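Architecture at a glance
For reference, the chains in residue letters:
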Amino acid sequence: MANRVQIPTNSSALIAMIADEDTVVGFLLAGVGNVDIRRKTNYLIVDSKTTVKQIEDAFKEFTTREDIAIVLISQYVANMIRFLVDSYNKPVPAILEIPSKDHPYDPAHDSVLSRVKYLFNTESVASGRR
């Protein structure tokens, strides 16, 4: 168990969002939103004017912040920065791809689901089951 990653235990942790306006507003109404004293938010609303660079910067910021435990990202936005999402391998914050109103969820593009399938396939091969 010495190789296990230590998960920090804070009194509270945030959920970050990178998604379209409707999805972000829904989560904000549920109480997920936060603005700190430096006026930094825990969400990015992606629209037709949002550049890939802005999405990349938000993803990098959210995945390096100590106060964020989960990053929810719309799958169509994740596809724009797929190389970053697929290369991310830390347990915290967890990256979860979610559907949006205009773009349905496609399990074939979900990096977390593909990693889980890979792990279960290697475990079944190692144990002699198929």
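Residues numbered from 1 in each chain as written. Predicted model: local features only at pLDDT ≥ 70, side-chain atom pairs only at ≥ 80, totals over all residues. Heavy atoms only, no water.

1. Some details on the overall build of the protein chain
Formally: Secondary structure elements follow DSSP: runs of H or I of four or more residues count as helices, runs of E of two or more count as strands, with numbering from the N terminus. Burial classes: relative accessible area under 20% of the type maximum marks a residue as buried, over 50% as exposed, and values in between as partly exposed (1.4 Å probe, protein chains only). We call two residues in contact when some of their heavy atoms are within 4.5 Å. Computed with the Shrake-Rupley method and a 1.4 Å probe, the accessible areas treat only the protein chains shown as cover for residues.
The number of helices and strands found in the protein chain is five helices and four strands. Ordered by position from the N terminus, the helices and strands of the protein chain form the series β-α-β-α-β-α-α-β-α. Of all 130 residues assigned to the protein chain, the portion counted as buried reaches 33%. Relative to all contacts within the protein chain whose residues are 6 or more apart in sequence, the contacts with residues 24 or more apart total 64%. About 8,800 Å² of surface is accessible on the protein chain, with carbon and sulfur atoms providing 57% of the total.

2. With respect to the sheet that holds strand β4 (residues 94-98)
Counted only if it meets this: Here, a strand pair is defined by DSSP locating no fewer than two bridges between the strands. Each axis is a line fitted through C-alpha atoms, taken for helices only over the stretch in contact, and angles between the N-to-C directions span 0 to 180 degrees.
The strand order β2-β1-β3-β4 describes an open sheet built from four strands, whose pairing is parallel. In the strand order of this sheet, the two ends are held by β2 (43-45) and β4, each with one partner. Across the sheet, the mean angle separating the axes of adjacent strands is 20 degrees when strand polarity is ignored. Helix α1 (residues 21-29) rests against β1 (14-19), β2, β3 (68-74) and β4 of the sheet, and its axis sits at about 160 degrees to β1. Relative to the sheet, helix α2 (residues 52-64) contacts β1, β2, β3 and β4, its axis offset from that of β1 by approximately 170 degrees.

3. Comments concerning the confidence of the model for the protein chain
Definition in use: A score from 0 to 100, pLDDT tells how confident the predictor is in each residue.
Of the residues in the protein chain, 84% have a pLDDT of 70 or more, and the chain-wide mean is 84. Ranking the elements of the protein chain by mean pLDDT puts helix α5 (residues 111-126) last with 66 and α2 first with 96.

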